[in-house]
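Structural overview for review
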Amino acid sequence: LPQEKRTTPRHAQVLILGGGITGVIAARTFKQAGINNILVIEGREELGGRMRSTEFGGLTVELGANWIQGTQTGNGPINPILTLARKHHLKTQFNNFDDLTTYDDTGLVDFIDAANQADTDFNNFNIVAGPRVANAQVDMTASAGYRLSGAKILDKQAAAAQYLNFDFEYAQTPQESSWLAASWNNNFTFVAEQGGFSEANLMCIDQRGYKTIVQGEAEDFLTSDEILLNAVVQNITYSSTGVSVTLTNGTVITGDYALCTFSVGVLQHDDVTFIPPLPAFKQEAISSIAMATYTKIFLQFPTKFWFDTEMGLYADPERGRYPIWQSLDHPKFLPGSRILFVTVTSDFSQRVEAFTDEQVQAEVMDVVHNMFPNIEVPEPNAFLFPRWHSDPLYRGSYSNWPPSFFSGHHENLKLNVDRLYFAGEATSVKFFGFLHGAYFEGLNMANIIISCIEGNSTCNTALTNGGEVTNSVPFDLNN
Ligand SMILES: Cc1cc2nc3c(=O)[nH]c(=O)nc-3n(C[C@H](O)[C@H](O)[C@H](O)COP(=O)(O)OP(=O)(O)OC[C@H]3O[C@@H](n4cnc5c(N)ncnc54)[C@H](O)[C@@H]3O)c2cc1C
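In this text, all values refer to a predicted model and were calculated from it rather than measured experimentally.

1. So, the site of the ligand
Near the ligand there are 38 residues, and of these Gly 18, Gly 20, Gly 43, Gly 49 and Ser 397 occur at the shortest range. Of all elements in the fold, only helix H1 (21-32), strand E5 (67-69) and helix H14 (435-453) reach the threshold of two or more residues within the shell around the ligand. Tallying contributions element by element places H1 first for the shell around the ligand, with 3 residues. Residue composition of the shell around the ligand, grouped by class: 18 nonpolar, 15 polar and 5 charged. For the shell around the ligand, the two domains that each supply at least three residues are domain 1 (11-49 + 211-288 + 401-459) and domain 2 (53-205 + 294-387).

2. Considerations on the environment of Ser 390
Counting through the fold element by element, Ser 390 comes out in the loop between strand E20 (382-384) and strand E21 (398-400). Between the C-alpha atoms of Ser 390 and Thr 29, which are 361 residues apart in sequence, the distance is 32 Å.

3. A few points about the domain arrangement of the protein chain
In terms of domain boundaries, the protein chain breaks down into domain 1 (11-49 + 211-288 + 401-459) and domain 2 (53-205 + 294-387). Once you take the C-alpha centre of each, domain 1 and domain 2 turn out to be 30 Å apart. Each partner contributes to the interface: domain 1 provides 17 residues, whereas domain 2 provides 22 residues. Elements with a minimum of two residues in the side of domain 1 that touches domain 2: helix H8 (212-221) and H14. Classifying every residue of the side of domain 1 that touches domain 2 gives 10 nonpolar, 4 polar and 3 charged.

4. Quick word on H1
Counted at 1.5 Å a residue, the expected span for H1 with its 12 residues is 16 Å, and the 16 Å between its end C-alpha atoms agrees. Listed as buried for H1 are Ile 21, Thr 22, Gly 23, Val 24, Ile 25, Ala 26, Ala 27 and Phe 30. Close packing links the buried residues of H1 with strand E1 (11-17), strand E2 (38-41), H8, strand E13 (252-260) and H14. Positive backbone phi, at 85 degrees, marks Gly 34, one or two positions downstream of H1.

5. A short note on the sheet that holds strand E7 (residues 100-104)
Here we have 7 strands laid out as an open sheet, ordered E8-E7-E17-E18-E19-E16-E20, and mixed in their pairing. Across the chains shown, the open sheet's two edge strands, defined by having one partner strand only, are strand E8 (107-108) and E20. Two strands pair when backbone bridges link them, and strand E16 (residues 294-300) and E20 are joined in this way by 3 bridges, in the antiparallel orientation. Counterpart to Phe 298 in the pairing with E20 is Leu 384. Its contacts with the sheet put helix H11 (residues 346-354) on E16 and strand E19 (339-345), and the angle it makes with E19 is roughly 115 degrees.

6. With respect to helix H12 (residues 357-371)
In this model, H12 (15 residues) spans 21 Å end to end at C-alpha, consistent with the 21 Å of a helix rising 1.5 Å per residue. Looking only at H12, the buried set comprises Val 360, Val 364, Val 368 and Met 371. Buried positions in H12, seen along its axis, are confined to an arc of 80 degrees and lie on one side of it. Exposed and facing more than 90 degrees away from the buried side of H12 are Glu 358, Gln 359, Ala 362 and Asp 366. For H12, the elements touching its buried residues are E7, E8, E16, strand E17 (311-315), E19 and H11.

7. Some words on the nonpolar core
Judged by nonpolar contacts, the single largest core of 136 residues is most densely connected at Leu 15, Ile 16, Leu 17, Ile 41, Ala 258, Leu 259 and Tyr 421. Counting residues per element, this core draws most heavily on H14, which supplies 8 residues. Each of two domains, domain 1 (11-49 + 211-288 + 401-459) and domain 2 (53-205 + 294-387), supplies a minimum of three residues to this core. In this view, Ile 16 contacts Gly 23, Ala 26, Ala 27, Ile 38, Leu 39, Val 40, Ile 41, Leu 259 and Thr 261; residues no more than four positions away in its chain are not counted.

8. Considerations on the pairing of strand E4 (residues 59-62)
As defined by bridge partners, strand E3 (residues 53-56) adjoins E4 across 4 bridges and the pair is classed as antiparallel. Across the sheet, residue Thr 54 finds its bridge partner in E4, namely Val 61. From the end of E3 to the start of E4, which pair antiparallel, there are 2 residues, and Gly 57 there has a positive phi angle of about 55 degrees.

9. Overview of the confidence of the model for the protein chain
On average, residues of the protein chain carry a pLDDT of 95, and 96% of them reach 70 or more. Here residues 1-6 scores under 50 on pLDDT; set against residues more than four positions off or in separate chains, the count is 14 contacts.

10. A closer look at the environment of Ala 426
When you line up the elements, Ala 426 lands in the loop between strand E22 (420-422) and H14. On the basis of neighbour counts, which here come to 30 C-beta atoms within 10 Å, the residue Ala 426 falls in the buried class. C-alpha separation for the pair Ala 426 and Thr 303, spaced 123 residues apart in sequence, amounts to 41 Å. The residues contacting Ala 426, other than those within four sequence positions of it, are Val 264, Ile 289, Ser 399, Leu 413 and Phe 432.

11. Side note on the pairing of strand E12 (residues 243-247)
Pairing of strand E11 (residues 233-238) with E12, which is carried by 5 bridges, proceeds in the antiparallel orientation. The residue of E12 that forms the bridge with Val 233 is Leu 247. What sits between the antiparallel neighbours E11 and E12 is a turn of 4 residues. When E12 meets E13, the two strands line up antiparallel, connected through 4 bridges. The partner of Val 245 across the bridge, within E13, is Ile 253.

12. Considerations on the sheet that holds strand E9 (residues 201-204)
If you walk across this open sheet you meet the 3 strands as E5-E9-E6, and the pairing is antiparallel. Only two strands of the sheet have a single neighbouring strand rather than two, namely E5 and strand E6 (92-94). Going from strand to strand, the sheet's axes swing by 25 degrees on average, the running direction of each strand aside. Of the strand pairs in this sheet, E5 and E9 are connected by 3 bridges, and their pairing is antiparallel. What sits directly across from Trp 67, in E9, is Met 203.

13. Observations concerning the packing of H1 against H8
Closest axis-to-axis distance for the H1/H8 pair is 10 Å, and the angle between their directions is 20 degrees. Judged by the inter-axis angle, H1 sits roughly parallel to H8. Considering only the axes of H1 and H8, their crossing is left-handed. Contact residues: H1 offers Ile 21, Val 24, Arg 28 and Lys 31, while H8 offers Val 214, Glu 217, Ala 218 and Phe 221. Grouping the constituent residues of the contact of H1 with H8 by class yields 5 nonpolar, no polar and 3 charged.

Reading guide: rules and limits
Residues numbered from 1 in each chain as written. Predicted model: local features only at pLDDT ≥ 70, side-chain atom pairs only at ≥ 80, totals over all residues. Near = placed C-beta within 6 Å. Helix = DSSP H or I, 4+ residues; strand = E, 2+ residues; numbered from the N terminus. Nonpolar A, V, L, I, M, F, W, Y, C, P; charged D, E, K, R; others polar. Domains from an automatic or database assignment. Contact = placed C-beta atoms within 7 Å. Expected span 1.5 Å × (residues − 1). Buried ≥ 20, exposed ≤ 12 C-beta atoms within 10 Å, placed from the backbone. Pairing = 2+ DSSP bridges. Axes fitted to C-alpha atoms, helices over the stretch in contact; angles between N-to-C directions. Arc of directions from axis to C-beta. Core = buried A, V, L, I, M, F, W, Y, C linked by C-beta atoms within 7 Å. pLDDT = per-residue confidence, 0-100. Parallel < 35°, antiparallel > 145°, perpendicular 65-115°, else oblique. Left-handed = near helix turned anticlockwise from the far one by under 90°.

Structure below.
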């Protein structure tokens, strides 16, 4: 697609705010329904959003989404991202998170037993959660869920193993996360017996970047006049008759309808101003969900000196300190690349974002020296990490469901205000956080707007209520 638009339409029937997978799949859905007067407005210079790759040490690496999580089991439900990947001939490899070498701050130490125990703990965590959802019992923190299902985290190795099972997926700690939502989110994606796709993590190693499936898809049905790139939305004015957006360069664009796909992190940080201000119930919903951060820190070395497994797990005395290591220099991935990356999440991500690259590199290299005390480790020749939390177009990596986020909050998060609609990975109840969640939300919300345009009654997403979220049993302060 051309980088510059030729003409700027000032009015469209539907404005799609954001050119990530939600926006592109929504655009496809409108066009398939014969709604051709649409405009996708995107702040960056390309489509893809959090599917974002970059050149690093002579190769393409993924700064954002990297895996198709859950593929397909037999003739069961298929992850729609897998369908897109096949259509666009995406190069992928299965990534086995159990193919692990374990380290702590004294070097190579075998604690595979702890890793296996963490798998068992997570399984029990899900088994005990199931009936609670069915019985409408209250949610709790995932930490409480672990305790109630019998897990004991007594040392740094058990903590690192739990991190691999939990934080590595939700990008927040068990203490910050909902037990029940973490459990159904896992099951609907990874557990075929529970209606999920499969347990596989299919890693994109395509040198065009993972984003190629969104950009390739867009090329099939969007013309250059229907995409406005490098266009940052500053404010959104909405009413019962239409929506008007003002870009940072002052351009005003109007639409009969608009679909906002910006991350909840963007909505939380007031990077975009709503006129009138969003109603209180909507603001409460946006404030109640969490925007987590997941940070991959890439290093390229002059030689490969590390493990031959796909993964390395490092147990630091401080939980969450540079715990998950992945080798791209593996026969399955990018052999000869000499690239290793380490993942941090949550508060630790925000912590590293506040440091300079040099400071983070020095810390990471201290850990490398802990892990490989008997090896003369060379200095890296390339070092890079993205600052997702600081980026005003994202403000984090993906949403996570806190224990204080109730069903009513979720409905309100999804609710339209007049002609302004909302969709994105965060509005997916089953698949929040995931690409496939974003995909389904783009599809579903576009269909709701289409039915509205066609004059059907279902044009309001008010699924049950747009009001206050209340306690079914009020607090009794005299007790
Ligand atoms: C580090 C990381 C790792 C991940 N790993 C995986 C994974 O392996 N598998 C998986 O399934 N999912 C993964 N995800 C999650 C996945 O990337 C997201 O769920 C998905 O890409 C969200 O798509 P979206 O369209 O809802 O939002 P986005 O992709 O955020 O799209 C919204 C768009 O709006 C634009 N925008 C924002 N503000 C403005 C503004 N003011 N004006 C104009 N444009 C604006 C943004 O630039 C963006 O392009 C990961 C995400 C990250 C960050």
